[in-house]
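The primary structure of each chain is shown beneath.
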Amino acid sequence: MDDFGIWLSTLGYALPELLGMGIALALLLTSARPGHGRRIGLIGLGAMIAASLLSIGLVVVQNLALRGGGAGSLSQAFAFFNLAHVVLNVLSMGGLVTLVWGLCVQTQVGEKR
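This write-up is about the structure you can find in this document.

Conventions we followed
- Residues numbered from 1 in each chain as written.
- Predicted model: local features only at pLDDT ≥ 70, side-chain atom pairs only at ≥ 80, totals over all residues.
- Heavy atoms only, no water.
- Helix = DSSP H or I, 4+ residues; strand = E, 2+ residues; numbered from the N terminus.
- Rg over C-alpha atoms; globule rule 2.2 N^0.38 Å.
- Contact = heavy atoms within 4.5 Å.
- Lys, Arg positive; Asp, Glu negative; His and termini not counted.
- Charge placed at Lys NZ, Arg CZ, Asp CG, Glu CD.
- Phe/Tyr/Trp six-rings, centres within 6.5 Å; stacked < 30°, edge-to-face > 60°.
- Buried < 20%, exposed > 50% of the residue type's maximum accessible area, 1.4 Å probe, protein only.
- 1 Å grid on protein atoms, 1.4 Å probe; cavity = no way out; pocket = protein on both sides within 12 Å on 5 of 7 lines; lining within 4 Å.
- Points joined across faces, edges and corners; volume = space filled by probe spheres on them.
- Nonpolar A, V, L, I, M, F, W, Y, C, P; charged D, E, K, R; others polar.

### Points about the overall build of the protein
The number of helices and strands found in the protein is three helices and zero strands. Listing each helix as α and each strand as β along the protein from the N terminus yields α-α-α. In terms of C-alpha radius of gyration, the protein reaches 18 Å, well past the compact-globule figure of 13 Å for 113 residues. Along the three orthogonal principal directions, the C-alpha set of the protein runs to about 60 × 30 × 10 Å. Taking contacts inside the protein between residues at least 6 apart in sequence as the whole, the part at least 24 apart equals 73%. Computing the positive centroid from 6 side-chain charges and the negative centroid from 4, the protein places the two 23 Å apart.

Next comes the structure, spelled out in structure tokens:
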């Protein structure tokens, strides 16, 4: 039961973000006018979803490493995990900036796109 609680809490931390991005994806696909801005927004949202899913995978691998390994290998592994989390956060930030850029492009009035 202890392992189940760990996996459930991992999913619980990620679920609100994933639900929000799922709603944003549905809105972009159904409500946004087709065009260059929508395409940019979908690319940004795709980057954010990918970063979130990869982050969940990284947390799972990190939890498995905690369960199995010795202290020496864990110190090196945590440096890798921290670096990977930073890279995924930068990817998610880039996705958010791209999503907002697409919104700005889509809402510009009177300009050719």
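### A closer look at the packing of aromatic side chains
All chains considered together, the criterion is met by two aromatic pairs. Note on F78 and F81: the rings are 6.4 Å apart at their centroids and 65° apart in plane angle, and the pair reads as edge-to-face. Of this pair, F78 and F81 both sit in helix α3 (residues 71-107), three residues apart, which is roughly one turn of that helix. For F78, a relative accessible area of 28% gives the class partly exposed. Pairing F80 with F81 gives two aromatic rings, centres 5.7 Å apart and planes at 55°, and the pair type is tilted. By relative accessible area, F80 is classed as exposed at 51%. Judged by its relative accessible area of 5%, F81 falls in the buried class. Members of the aromatic cluster, joined through ring pairs, are F78, F80 and F81.

### Overview of the layout of surface pockets
Roughly 240 Å³ of internal volume is contained in the largest pocket. For the lining of the largest pocket, the elements supplying multiple residues, two or more each, are α1 (2-30), α2 (36-68) and α3. Ranked by residues supplied to the lining of the largest pocket, first place goes to α2 with six residues. Roughly 200 Å³ of volume is contained in the second largest pocket. As for the second largest pocket, its lining consists of 13 residues, and the residues nearest its centre are L28, A32, G102, L103 and Q106. Elements with a minimum of two residues in the lining of the second largest pocket: α1, α2 and α3. Looking at which element gives the most residues to the lining of the second largest pocket, the answer is α3, with five residues. In terms of residue class, the lining of the second largest pocket is made up of five nonpolar, six polar and two charged.

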